[in-house]
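Breakdown of the fold
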Amino acid sequence: MKINRLIVMQCFAICTLCLSLVGYGQGQQGVMIDKIIARVDNHYILNSELEEMYNSYAQNGQKAPEKCQILESLIINKMLLAKAEIDSVTVEDKDVDNELDGKMNYMIQRFGSEKNLVEAYGKSVENLKTELRTQVKEQKVVEKMQRTISGNVKITPSDVRKFFNSIPKDSLPYIPSEVEIGHIVRLGTVTREQKDKLKNQLLELRARAEKGEDFAMLATIYSEDVGSAKNGGDLGFAKRGAMVPEFEGTALALKPGEMSDIVESQFGFHLIKLIETRGAEYHARHILLRPDYNKGTDMSSALRVLDSLRILIKSDTLKFAKAALNNSEDKETAETGGIIQDRNTQLGRLTLDASMDPALYFAIDTMKVGDLSVPVSYRTEDGRSAMRILWYKSRSEPHTANLRDDYEKISQIVLSNKRNHALEEWFKKAQGDVFISVEPEYKNCKILGLSNGSDT
């Protein structure tokens, strides 16, 4: 069995982002008949999963692998999940929540705004997160199993050198110019005036509902949660832990039919009405009003903080990395000392070409290596207004790959190859521990050595 490393390691991330809401598009046009095409213990793979994943490559501008390869990758992930259950491998809820927030921010960025996202799917952000959470949890379990299997794999400088020397000189890749850029981000704050305005609007709506107006109708007319507003603010049943704490805590304190006071969360201001509870789930409606971060954001505090940090950093009283760790409100980069990482490679070097964020590209075009920018306006991935200072840490010139300048990249390839070999050996042994069944229509795929729909 030869496993495609890229598919195995990245399949689940693609599934989670592109397939988490499988069937939504079909649901808008009519119900599509689906069927199970493979089973691994108690985990099933649907034909729609295979088709959607195959189509997702084209949507992302990539050449799709053969469907047999995609099905094998899906089965491999189910094997990892099944073995995780057998071996009692679990993940912490807080880790799932952090990953979920990151996925949601990524999806919001792809759609341009939170509003665009909920309009596209016709569901509230809260409902989208509820549907996505299971996939994210499975992804975390798969990743933990992969680490368990190959986490002890090590490489030496000799391994890296041997691999590099095995590449024909005329086949060495050309590495374009790359840069290291750090930033420290401070968010704007919603003005007191705007907060009071939104609260007063919700209090008026609450009074109207108390006088007999239909809460669902008010939500349809006034709520800015586009997805749920279409359904009278109905969020459906939510499991505990699925909503933000401020919302959930308030909702669970209500009695069925009761309305809440005004609740503030990261999404805005809510008026909540509990419909019913069912075991560990609860069913609520809400009216959401969002601050306008373009018109009602006070940037003065962010500007003061960044100006002070800039003075300390330029005078060498404070190191940029420490300033970012302790002060940046971009949690993802704060932990890397403010260095912005490439999403594909997870390395802190960005290719200086058209693929770079245009705002960064044009900002550093007027800077020299070592420069620290003045505070500049910034829009976060979730659409919030902010300011940031940029540090142009380094730049490499275009060159043919070599061990001195590209050791980190080359060592990553060597490590991935070695981990992939460990995974291949594990899969050979694990097949006997789980039940695997593949439908006869895929008999020619010979997935994991199975054919003619045979079981193991």
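To keep things clear, this report deals only with the structure shown in the data block. Keep in mind that what you see is a predicted model, and the values were worked out from it rather than measured. (Residues numbered from 1 in each chain as written. Predicted model: local features only at pLDDT ≥ 70, side-chain atom pairs only at ≥ 80, totals over all residues. Heavy atoms only, no water.)

Let's talk about the overall build of the protein chain
Threshold: Only DSSP runs of H or I with at least four residues qualify as helices, and only runs of E with at least two residues qualify as strands; both kinds are numbered from the N terminus onward. To sort residues, take the accessible area from a 1.4 Å probe on protein chains only and compare it with the maximum for the residue type: under 20% means buried, over 50% means exposed, and anything in between is partly exposed. Working rule for contacts: check all heavy atoms of both residues, and any pair within 4.5 Å makes them a contact.
A count of helical and extended segments in the protein chain gives 17 helices and 15 strands. Expressed as a percentage of its 456 residues, the buried residues of the protein chain come to 45%. Partitioning the contacts of the protein chain with sequence separation of at least 6, the portion at a separation of at least 24 is 69%.

Here's the deal with helix α12 (residues 245-253)
To be explicit about the condition: Regarding the arc, it is the one traced by the directions from the helix axis to the C-beta atoms.
Three or more residues of α12 are buried, namely Phe247, Glu248 and Ala251. Angularly, the buried residues of α12 cover 90 degrees about the axis, an arc narrow enough to put them on a single face. Seen from the buried face of α12, the exposed residues on the opposite side, beyond 90 degrees, are Pro245 and Ala253. Buried residues along α12 sit against β6 (234-239), β7 (263-265), β8 (268-278) and β9 (281-289).

Some thoughts on the sheet that holds strand β12 (residues 376-379)
Keep this limit in mind: For two strands to be treated as a pair, DSSP must find at least two bridges joining them. Angles shown run from 0 to 180 degrees and are taken between the N-to-C directions of axes, each axis being a line fitted to C-alpha atoms and, for helices, limited to the stretch in contact.
Reading across the sheet, the four strands line up as β11-β4-β13-β12 and stay open at both edges, with antiparallel pairing between neighbours. Where the open sheet ends on each side, the last strands, each with one partner, are β11 (350-351) and β12. Pairing of strand β4 (residues 178-187) with strand β13 (residues 385-396) involves ten bridges; the strand directions are antiparallel. Across the sheet, residue leucine 187 finds its bridge partner in β13, namely alanine 386. Across the face of the sheet, helix α14 (residues 320-327) comes into contact with β4 and β13 while running at roughly 40 degrees to β4.

Considerations on the environment of serine 411
Mapped onto the fold, serine 411 is located in helix α17 (residues 403-430). Here serine 411 falls in the buried class, since its relative accessible area comes to 13%. Taking the C-alpha atoms as reference, serine 411 lies 5.6 Å from valine 160; in sequence the two are 251 residues apart. Those residues within four positions of serine 411 in sequence are excluded, and the remaining contacts are Ile155 and Val160.

Digging into the nonpolar core
The line we're drawing: In this description, a nonpolar core means a group of buried Ala, Val, Leu, Ile, Met, Phe, Trp, Tyr and Cys residues linked to one another through side-chain atoms lying within 4.5 Å.
Formed by 58 residues in total, the largest nonpolar core has its most connected members in Leu71, Ile75, Met79, Leu80 and Phe247. Sorting elements by how many residues they give to this core places helix α4 (residues 67-86) first, with ten residues. Formed by twelve residues, the second largest nonpolar core is a distinct cluster that contains Leu205, Ala209, Leu218 and Ala219.

Details of the packing of aromatic side chains
Test applied: Note on aromatic contacts: the rings of Phe and Tyr and the six-membered ring of Trp form a pair at centre separations within 6.5 Å, being stacked when their planes are under 30 degrees apart, edge-to-face when over 60 apart, and tilted otherwise. Whether a charge sits over a ring depends on NZ of Lys or CZ of Arg being within 6 Å of the ring centre and within 35 degrees of the ring normal.
On inspection of all chains with the given rule, the structure shows three aromatic pairs. On the numbers, 4.9 Å between centres and 40 degrees between planes, the contact of phenylalanine 320 with tryptophan 391 is tilted. Of the two residues, phenylalanine 320 sits in helix α14 while tryptophan 391 sits in strand β13, which places them 71 residues apart along the sequence. Of the residues examined, phenylalanine 320 reaches a relative accessible area of 5% and is grouped as buried. Relative to phenylalanine 362, the ring of tyrosine 361 has its centre 5.5 Å away and its plane inclined at 85 degrees; by these criteria the two rings are edge-to-face. The exposed category is assigned to phenylalanine 362, whose relative accessible area is 59%. Directly above the aromatic system of tyrosine 54 lies the positively charged group of lysine 67, at a separation of 5.0 Å from the ring centroid.

Side note on the pairing of β13
For β13, a buried count of nine out of twelve residues is recorded, marking the element as mostly surrounded by other parts of the structure. Two strands pair when backbone bridges link them, and β12 and β13 are joined in this way by four bridges, in the antiparallel orientation. Its bridge partner lying in β13, arginine 379 is registered against serine 385.

Observations regarding a nonpolar patch on the surface
Formally: Residues enter patches when they are more than 30% accessible in relative terms and free of salt bridges; like-charged ones are connected within 9 Å and nonpolar ones (Val, Leu, Ile, Met, Phe, Trp, Tyr) within 5 Å. The Shrake-Rupley method, run with a 1.4 Å probe sphere, supplies the accessible areas, and residue values consider only the shown protein chains as cover. Throughout this description, the term salt bridge denotes a Lys or Arg side-chain nitrogen within 4 Å of a carboxyl oxygen of Asp or Glu.
Judged by side-chain polarity, Ile36, Tyr44 and Leu46 come together as a nonpolar surface patch covering roughly 240 Å² of accessible area. Assignment of secondary structure puts leucine 46 in strand β2 (residues 43-46). Exposure remark for leucine 46: the relative accessible area of 31% places this residue in the partly exposed category.

Focus: the sheet that holds β8
Read from one edge of the open sheet, four strands run β6-β9-β8-β7, paired in antiparallel fashion. Two strands lie at the open edges of the sheet, namely β6 and β7, each paired on one side alone. On average, adjacent strands in this sheet sit at an angle of 45 degrees to one another, irrespective of strand direction. The pairing of β8 with β9 spans nine bridges and is classified as antiparallel. What sits directly across from leucine 271, in β9, is isoleucine 287.

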